[in-house]
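Listed below are the residues making up each chain.
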Amino acid sequence: MITLFHCVSARSFRPLWMLEELGLRYELRMLPFPPRARDRSYLEVNPLGTVPLLLDGATRMTESAAICQYLAARYMPNTLNVEAGEPDFGSYLNFLHFGEATLTFPQTLVLRYTHFEPEERRMPQVAADYQKWFLARLRSLQTLLAEQDYLCAGRFTAADVSVGYALLLAEHLGLAAHFTPAVAAYWARLRQREGFLRALRAQEAAAQAQGISTLPSPDTRD
């Protein structure tokens, strides 16, 4: 049985979405956000204190994009994965990590310096700069997505899950209104996927059953 440690709509939503797309059986362990501060016992399981943590037999993984790649390669080759022999293999890997390193990272700084830090440590200019940084890099997808429904290989892949989570986070930050038309249409397609909708329902049901707030992590205010 795969076990996923997860906070509502945190980066760990990526592997949750993957699990639902793949139709795998899993156990969802919900944590309050941020777990390293609000559930210190979690540090005994994951000393980093971060989510996700995925356990699959002897395999332990904590990087959300890497987990997406692992699940796609191990459980759904030639579908959500792009094989090394396919022409779009390089694009697949690039977009898979683009979703985290280029699109999610700047948004975490927006979150940190708008409301995660104490009032006296907040930096509106830093948040504004990284918001512009994110939107500028997101615009690079406009031409591609104006011509095709998904990022690569002519189909929905784990790369779309990785980038899709960055768009979900942007929606929580109020940035979706700035999406270019093709990116907005792409995000609408992703939101309609049954796997995405099942993941939303799964995290809410698990949070309620385990006594964890259903408030999305990006919306948390200290």
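For the structure itself, look to the data block above.
Draft legend 1. Broad picture of the overall build of the protein. When you go through the protein residue by residue, the secondary structure sums to nine helices and four strands. Scaling as 2.2 N^0.38, a compact globule of 222 residues should have a C-alpha radius of gyration of about 17 Å, and the protein matches this with 17 Å. Over its C-alpha atoms, taken along the principal directions, the protein stretches across nearly 45 × 45 × 25 Å. Within the span of the protein, comprising 222 residues, buried residues form 48% of the whole. For the protein, contacts bridging at least 24 residues in sequence account for 68% of all contacts bridging at least 6. Charged side chains of the protein number 22 positive and 23 negative; the gap between the two group centres comes to 3 Å.

Draft legend 2. Inspection of the packing of aromatic side chains at higher detail. Inspection of every chain in the model, using the stated rule, returns ten aromatic pairs. Plain terms: the ring middles of Phe-13 and Trp-17 are 6.1 Å apart, the flat faces sit at 50 degrees to each other, and that makes the pair tilted. With Phe-13 and Trp-17 both in helix α1 (residues 13–22), this residue pair falls four residues apart, about one helical turn. Relative to Phe-196, the ring of Trp-187 has its centre 5.7 Å away and its plane inclined at 80 degrees; by these criteria the two rings are edge-to-face. Residue classification places Trp-187 among the buried positions, given a relative accessible area of 1%. Phe-196 sits in the buried class, given a relative accessible area of 3%. A connected cluster of aromatic rings, assembled from ring pairs, spans Phe-13, Trp-17, Tyr-150, Phe-156, Trp-187 and Phe-196. Across from the ring centre of Trp-133, 3.8 Å away, lies the NZ or CZ of Arg-137, which sits over that ring. If you follow Arg-193 out to its NZ or CZ, it ends over the ring of Phe-156, 3.6 Å from the centre.

Draft legend 3. Structural detail: the packing of α1 against helix α7 (residues 158–172). Relative orientation of the contacting elements α1 and α7 amounts to 135 degrees, with a least axis distance of 9 Å. Here α1 lies oblique to α7, going by the angle between them. Considering only the axes of α1 and α7, their crossing is right-handed. On the side of α1, the interface is formed by Phe-13, Arg-14, Trp-17 and Met-18, while α7 contributes Ala-158, Asp-160, Val-161, Ser-162, Gly-164, Tyr-165, Ala-166 and Leu-168. Tallied by class, the residues present in the contact of α1 with α7 amount to eight nonpolar, two polar and two charged.

Cut-offs applied
- Residues numbered from 1 in each chain as written.
- Predicted model: local features only at pLDDT ≥ 70, side-chain atom pairs only at ≥ 80, totals over all residues.
- Heavy atoms only, no water.
- Helix = DSSP H or I, 4+ residues; strand = E, 2+ residues; numbered from the N terminus.
- Rg over C-alpha atoms; globule rule 2.2 N^0.38 Å.
- Buried < 20%, exposed > 50% of the residue type's maximum accessible area, 1.4 Å probe, protein only.
- Contact = heavy atoms within 4.5 Å.
- Lys, Arg positive; Asp, Glu negative; His and termini not counted.
- Charge placed at Lys NZ, Arg CZ, Asp CG, Glu CD.
- Phe/Tyr/Trp six-rings, centres within 6.5 Å; stacked < 30°, edge-to-face > 60°.
- Lys NZ or Arg CZ within 6 Å of the ring centre and 35° of its normal.
- Axes fitted to C-alpha atoms, helices over the stretch in contact; angles between N-to-C directions.
- Parallel < 35°, antiparallel > 145°, perpendicular 65-115°, else oblique.
- Left-handed = near helix turned anticlockwise from the far one by under 90°.
- Nonpolar A, V, L, I, M, F, W, Y, C, P; charged D, E, K, R; others polar.

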